[in-house]
Each structure stands twice: as C-alpha cells, then as structure tokens.
Amino acid sequence: MSTLFPPLTQARIQGMAAYQALCDEAERDYAGYWARLGREYISWKQPFTKSLDDSQAPFFKWFEDGLLNVSYNCLDRHVEAGRGDRTAIIFETDDGQVRNTSYSQLLALTCRLANALKAKGVKKGDRVVIYMPMSVEGVAAMQACARIGATHSVVFGGFSAQSLRDRIQDAGAVALITADEQLRGGKALPLKAIVDDALADGACPTLKDVIVYKRTGGAINWTAHRDHWLHELTEQQPETCEPEWVDAEHPLFLLYTSGSTGKPKGVQHSSGGYLLHAALTTSWTFDLQDSDVFWCTADIGWVTGHSYIAYGPLALGGTELVFEGVPTYPDAGRFWQMIQKHKVTVFYTAPTAIRSLIKAAETTPAVHPKNYDLSSLRILGSVGEPINPAAWLWYYENVGGSRCPIMDTWWQTETGGHMITPLPGVTPQLPGSCTLPFPGIQAAIVDETGHDVPNGQGGILVVKKPWPSMIRTIWGDPERYKKSYFPEELKGYYLAGDGASRAADTGYFTITGRIDDVLNVSGHRMGTMEIESALVSHTELVAEAAVVGRPDDLTGEAICAFVVLKRSRPTGDEAKAIANELRNWVAKEIGPIAKPKEIRFGDNLPKTRSGKIMRRLLRSLAKGEAVTQDTSTLENPAILDQLAKAN
Ligand code: PRX
C-alpha cells in the first residue's frame, strides 16, 4: 500500500466506523436515509411525504410534494434564528478592498433585487441569465431568482457574445443581470458591451430587460427601456419579499456545460434535492463550523461556484470569502496573502491554480507560501480535474503545513455536489486519489456491458442509484438526457463520462480522465466538437478541422487543433500568423478559454477509406509520440509525417 495521509482528528463525522454506519444506513433504506437528511438540512414550508419517485426513470423525482424556498433556507432562517449579524460574505475586490455583508444585509439586498425582478414582470418559472463578475451582487442575483422561483442560468464572464447569445436563446430567458465591467488582474473587461453584442439585431426576442450592476462606472452604451441600473431599480424596492414556495422539483437553475457532441447542454437542477446535497457536502466534506472562514476560489459561472459559494455555505449559515480577482495579481502570492489576512480555515481550489502557483513560487521565491502565515488553515480541497501526486504533495506540505487533509472531490456539473471524496475525520488520503464515495452515493466501475469490474482494474465510472442532487434533464432535450447519461447497455446506471479504477487493497477510486470527446483544460470542460465547429465556421479560411487534447503540465490538458485550409498549406511566419488569427477567432466564437494551444496545418487529415477522421492517431501526433497504431486502413498514410511536426 502506498503512503496514506491521516485524516483530521476532530471533525463532524468521526472515524471510518461512523462513515461505514452512514453507508450501511443508506444500503438498508436508501429512500429513508435521504429523507432523514432532507428533513435535517432543509427547512420545509410543507414537509414532503415521499423521498424518491423512480416511476418515470431515468427522470427521477425527490421530495416532490415538499414545498420550500431555497433563498429562505440560505438567508431568512439564519436571521430568524437571531444570527442576522453574522458575516455571510467577506468580499475582497481585485484591488484589495474588503466589504463584509451580514446575513441580514444579504437578505435585504436579495429581497430588493427579487422585488425589482418582479416589478419587471419576471415570475416563477421564467429564466433569467446572470452574466456577472464575482461579487456580492452576483450571489444576491442568484438568491433573488431562487426567491421568486425564477430559474437562473449563470454564464461565466469569460464566455463570448456568441456563447452568451446561444445560452439566452436556448433558455428562452426573459431578463439578464450583468455589470458594466468586470475587474480582474487590474484589467476591466466589458461585460455590458458583450451583452449588447449578444442581443444585437434582435437575436434574443424573449429577452426584455437588462439589469446592470455598476461596478467600475466605465463608459457603456445604453438601450432605453431595455437597460436599467441595478441600484436605481433596487433603491425603490422594499427590503422584504415573501418567498415563492415551490415544490422540491422546481428547476432552481440551468447551467450550460459541454458534451461530446453538438452545442453545450443546459443541465437542469432541482430546488430541494440540489440544496440538500450542496448543504450536506459542505457540512461533511468541509466540516463547516461557525468558527470557520470558508473560501472556494471558483467563479459563480461554474457549478463549483453554485454549490460551494452561492448555496452550500449559505444554507449552513457559514462565513465565506468571495474574491473578485485572479490568483496572480498583483502577484502570485495573492491567495496566500488573502488566507493570512482573512484567517481562512477551509480553502477549496483547482489543481491548475496550484500548479501555476508552484511554478510562480519556483521562479519568484517571495511568493512562496512559506512567506505567509497560513496557520489558520485546517482543511484543503481540490476540484475540477485530477490532481497529480506532485502537486498534491506540494499543496499538502507548503499550503497545509503537513497538517491539513486534502479533500480531492470528484463530481460534475450534472451531479450537483461531491460524489467521491475523502471526508475529514474519516478518510486517510492518497495523493492523486479521490478515495471513497460520499455516504449514500453508489459509485462503481463497470465494463461496457454494465458488469462490475474487480478492484485493481480500470473501467467506466457509473453511479448505480439516483441521488437527490442529480441532473433532472437537459433543458428542452429529454431524449439527449436519456441517451447521454443512461445508455441502454448500462442497465439504468448513470454514466459519468469518466474512466476510473479502484485500488485492489483500499478500494480507493482514481479518475483516469474522460472517456468521451470532452477535454478538461485548466479544470474547464470543453467539447472537441464545439471547438471544431468554431474553427470551420471561419468559412473563408478553414476547410476542415479536428481537435484533440494532449497532456499539459500546467493546464492538465491542452487543446491541439489540426486544420486544413481552403488555400495551400502555410509554413513559417505565415503559418504563425494564420494560427494566431484562428486562435482569436475561436476566442471570439466561444471564449478565450477555448483557444487552441497549438494549431498544425496539413494538406489533409488522416482518414479511413470511408472518410472517418482517425482521432486516436491525431492524439498520438499531438503528444509527439510515434504512431504505433495500425495505419493500414488509412486512405493517406503519408499525411502523418506532415502532421507530426509543429508548423
Ligand atoms: O473529468 C472529471 C473532471 O471534471 C469533469 C466535470 O467537469 P465539470 O462538469 O465542469 O465540473 C467541474 C467541477 C466539479 C469530470 O467529469 N473532474 C472533476 N473533479 C475531478 C475531476 N477529475 C479528477 N478528479 C477530480 N477531483
């Protein structure tokens, strides 16, 4: 057995026996287990009488006849319990200013915003797109939607006008909340201008109102009747707003994410089941206590920012840090400096951030974490991509002072919350392994026919039983939901899309990466097809494109595109210039995160005689490996030599 690192000695769930008892309880009475937790963690306006309804599988329902309001659970109930003065959010701006918002204040802001939305005619079931910087107002916007039963869809501020437009159209959104500009790393990014672009030429006829939070005061264009300042709308509104009580299955949000084919899909989440798991995992995985200062560095545009900024910590009445900026500004010691300043106790970030900060500390010793007092930390977390053992160890030793356990949390946009993760107080950790399923989650590894694979071997990661915070459907496309996540050959198991293995001795899970055409670049999920479509939409230049991933020390995976131009194959400076043009094109179509790291030009792509692009060969070429696969079915084997080299 490899070296295991000890769990915390004191935590909410104490010891492996307590963990096992929870797993056994779920095993004995699955619906009853979740019902018990649903009653403990959520305040219901009207209690549910049934926990799981699987009569329409794979369209599962949880706690369906229970009535609740998510924002009531995150805000009012703490104020009613006399905890209104507790700090909900410590907000730090890009340039280091700090503003504390108490639960009472966050409730008041949320209510004003909820009233403003109602005054604009937004009602239960309507979709509202949120395109906001990291801010208290961004969190309040999500809570305000929840309060009136509107379904929000947050779009990450790094997505382009085109991506934003696609999402507004697909969701049929009636209103959008944005900011004039977003400030990150000392630079202002024009959010409102991107919104104007997305809505240009009547592209989004359902969208009636744009609410603009004034962040920087930078110059923006204004469309009368459509655009409204957030502060003007809210200052006219009362500080109270009766919550809209919704049934537990009411869609709390849509969040678009990439699949292996076609356009991004709108993952639909529920209110009751989702909130339960967001709260429960924040409680058990991070052992959140009143004395903690919790910091999740994700953006609210991703699912991590939903579950572990906007909902989980607030549902528990915790105190959390919300950060506007980037880890490298004004220098790469920013995270450590903020942990020191705010006495952060639980810190949750992504492997990519850790790897880039390792690199920075190597070149600039002044930003090494050892220069900061990080003794407040007690638990660390990792999310979004596999964490390589070297980065794990550095994080453990240099950030956690060899004292803090690391929760390597495996989960997805679709799962709503942690699925496989160590628990503090319970699980000895193994660098690079997300260890064991969260109590009640039936994660397993199977072969292509859905049969269990023995420990020690790799296979397909599935979840055998539905769980409360699972995706409910793909917005507007239930067939795609069934096909993507519940393929017939897998016996009704949820297909995660990842490969994994379990250790023969400990049963610990290790994620080996996606088994579909989805890439994970810096913890951002992207479909190869999406990037290919963006490239070929440059109709003037591009005839054909194929995109693959290759391992990258810093970003986990890097995007490598093979492109055939409509004109002859460029070389030298010309190739560089065209590659640059195409990279910028992709940034404009999707967003800067989708820019290929490398573009190679060929006269053709490796294809079978029936015309299918052989991507596995391209993957080898992108990695710089010699092609060892059988190439006898290739129409044009000579092309491999050409594509093996950078331009
Ligand atoms: O491949 C897995 C990887 O990220 C994918 C989910 O991406 P997304 O929906 O964007 O959600 C990211 C935040 C939860 C998974 O299919 N992934 C996520 N966490 C881990 C991981 N891979 C390995 N280890 C993890 N801890």
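If you're wondering where the values come from, they're calculated on a predicted model, not measured in any experiment.

J.: Can you explain the overall build of the protein chain? Please cite residues and give values.
T.: A tally of regular secondary structure across the protein chain gives 18 helices and 30 strands. For 647 residues, the compact-globule formula gives about 26 Å, and the C-alpha radius of gyration of the protein chain, at 24 Å, lands near that figure. Based on the C-alpha atoms only, the size of the protein chain along its principal axes is roughly 75 × 65 × 60 Å. Looking at the protein chain as a whole, 61% of its 647 residues qualify as buried. In the protein chain, the proportion of contacts linking residues at least 24 apart, taken out of those at least 6 apart, comes to 70%. Accessible surface, the protein chain as shown: approximately 23,900 Å² in total, 50% of it carbon and sulfur. If the 65 positive side-chain charges of the protein chain are averaged to one point and the 74 negative ones to another, these points end up 1 Å apart.

J.: Any details on the UniProt feature "domain: Acetyl-coenzyme A synthetase N-terminal" (unreviewed entry) in the protein chain? Residues and values, ideally.
T.: Listed under "domain: Acetyl-coenzyme A synthetase N-terminal" (unreviewed entry) in the UniProt record, and renumbered for this structure, are residues 19-74. Within residues 19-74, the helical portion is 48% and the strand portion 11%, while the C-alpha atoms at the span's ends are 27 Å from each other.

J.: For the nonpolar core, give the residues involved together with the corresponding values.
T.: By size, the foremost hydrophobic cluster in this structure holds 164 residues, and its most contacted members are Trp34, Trp284, Tyr311, Val563 and Leu582. In contact with Leu582, not counting residues within four places along its chain, are Leu535, His538, Leu541, Val542, Val563, Leu565, Ile599 and Phe601. Judged by nonpolar contacts, the second largest core, of 33 residues, contains Ala353, Tyr372, Leu377 and Tyr395.

J.: Break down the environment of Lys124 for me, citing the residues and quoting the values.
T.: Considering the arrangement of structural elements, one finds Lys124 in the loop between helix H4 (103-119) and strand S6 (127-131). Note on Lys124: relative accessible area 40%, which makes it partly exposed. For the pair formed by Lys124 and Pro251, sequence separation is 127 residues and the distance between their alpha carbons is 9.9 Å. When neighbours within four sequence positions are excluded, Lys124 is seen to be in contact with Ile148, Gly149, Ala150, Glu244, Val246 and His250.

J.: Which residues make up the sheet that holds strand S5 (residues 98-102), and what values go with them?
T.: In space, the seven strands of this open sheet follow the order S5-S4-S17-S16-S18-S19-S20, with mixed pairing throughout. Edge positions in the sheet fall to S5 and strand S20 (406-409), since each of these pairs with one other strand and no more. When strand polarity is set aside, the average angle formed by the axes of neighbouring strands in this sheet is 20°. The sheet contacts of H4 involve strand S4 (87-92) and S5, and relative to S5 the element is tilted by about 85°.

J.: Would you mind going over the UniProt feature "modified residue: N6-acetyllysine" (unreviewed entry) in the protein chain in detail, with residue names and values included?
T.: Within this numbering scheme, the UniProt entry marks Lys612 as carrying the feature "modified residue: N6-acetyllysine" (unreviewed entry). Within the element layout of this structure, Lys612 appears in the loop between strand S30 (598-601) and helix H17 (615-623). Residue Lys612 is classed as exposed on the basis of its relative accessible area of 59%.

J.: Describe in detail the packing of aromatic side chains, supporting the description with residues and values.
T.: What describes a pair of aromatic rings is the distance from one ring centre to the other and the angle between the planes of the rings. Taken as a whole and assessed by the stated rule, the structure comprises 38 aromatic pairs. Measuring from ring centre to ring centre gives 6.4 Å for Trp34 and Trp62, while their planes differ by 80°; the resulting arrangement is edge-to-face. Placement of Trp34 in helix H2 (residues 30-41) and of Trp62 in strand S2 (residues 61-62) is noted, with a sequence separation of 28 residues between them. Note on Trp34: relative accessible area 0%, which makes it buried. Note on Trp62: relative accessible area 0%, which makes it buried. With a centroid separation of 5.8 Å and 55° between ring planes, the pair formed by Trp62 and Phe63 is classed as tilted.

J.: Requested: an account of the site of the ligand, with residues and values cited.
T.: Within the structure, the ligand sits among 16 residues, and Asp408, Thr409, Thr413, Asp498 and Arg525 are positioned closest to it. Separating an oxygen atom of the ligand from a side-chain N or O atom of Gln412 is a distance of 2.9 Å. Side-chain polar atom of Asn520 to an oxygen atom of the ligand: 3.3 Å apart, as the coordinates give it. Notes on the ligand: free accessible area 540 Å², of which the protein chains cover 95%. For the shell around the ligand, the class distribution of residues is five nonpolar, six polar and five charged.

J.: Can you lay out the side chain of Thr345 for me, pointing to particular residues and giving the numbers?
T.: For Thr345, the location among the structural elements is in the loop between helix H11 (334-342) and strand S18 (346-349). Owing to a relative accessible area of 10%, Thr345 belongs among the buried residues under this scheme. In contact with Thr345, not counting residues within four places along its chain, are Ser291, Asp292, Val293, Ser376, Leu377, Arg378 and Ile379.

J.: Can you break down the packing of helix H5 (residues 136-148) against helix H10 (residues 303-315) residue by residue, with the values?
T.: Between H5 and H10, the shortest axis-to-axis distance is 11 Å and the interhelical angle comes to 65°. Once H5 is placed against H10, the crossing between them reads as right-handed. Between H5 and H10, the contacting residues are Val139, Met142, Gln143 and Ala146 on the first element and His306, Ile309, Ala310, Tyr311 and Leu314 on the second. Across the contact of H5 with H10, the residue classes break down as seven nonpolar, two polar and no charged.

J.: Just give me the short version of the pairing of strand S27 (residues 524-527), but keep the residues and values in it.
T.: Burial along S27 is two-sided: the face carrying His524 and Met526 and the face carrying Arg525 and Gly527 are both buried. With four bridges connecting them, strand S26 (residues 518-521) and S27 associate as antiparallel partners. Across the sheet, Val521 pairs through a bridge with His524, a residue of S27. The hairpin turn running from S26 into S27, its antiparallel successor, is two residues long, and Ser522 in that turn takes a positive phi close to 55°.

J.: Requested: an account of the sheet that holds strand S21 (residues 443-446), with residues and values cited.
T.: Pairing between sheet strands relies on hydrogen bonds along the backbone, with the strands arranged either parallel or antiparallel. Read across the open sheet, the four strands follow the order S21-S22-S24-S25; overall the sheet is antiparallel. Both edges of this open sheet fall to S21 and strand S25 (509-514), since each of them pairs with a single strand only. Strand-to-strand twist across the sheet, computed as the mean angle between neighbouring axes with direction ignored, equals 45°. Direction of pairing for strand S24 (residues 494-502) relative to S25: antiparallel, over a ladder of five bridges. For Gly499, the partnering residue across the bridge sits in S25 and is Gly513.

Thresholds, definitions, all that
Residues numbered from 1 in each chain as written. Predicted model: local features only at pLDDT ≥ 70, side-chain atom pairs only at ≥ 80, totals over all residues. Heavy atoms only, no water. Helix = DSSP H or I, 4+ residues; strand = E, 2+ residues; numbered from the N terminus. Rg over C-alpha atoms; globule rule 2.2 N^0.38 Å. Buried < 20%, exposed > 50% of the residue type's maximum accessible area, 1.4 Å probe, protein only. Contact = heavy atoms within 4.5 Å. Areas by Shrake-Rupley, 256 points an atom, 1.4 Å probe, with all protein chains shown as cover. Lys, Arg positive; Asp, Glu negative; His and termini not counted. Charge placed at Lys NZ, Arg CZ, Asp CG, Glu CD. UniProt positions renumbered as here; feature names shortened; annotations may be inferred. Core = buried A, V, L, I, M, F, W, Y, C linked by side-chain atoms within 4.5 Å. Pairing = 2+ DSSP bridges. Axes fitted to C-alpha atoms, helices over the stretch in contact; angles between N-to-C directions. Phe/Tyr/Trp six-rings, centres within 6.5 Å; stacked < 30°, edge-to-face > 60°. Near = heavy atom within 4 Å. Polar contact = N/O pair within 3.5 Å; in protein donor to acceptor, adjacent residues only side chain to side chain. Nonpolar A, V, L, I, M, F, W, Y, C, P; charged D, E, K, R; others polar. Left-handed = near helix turned anticlockwise from the far one by under 90°.

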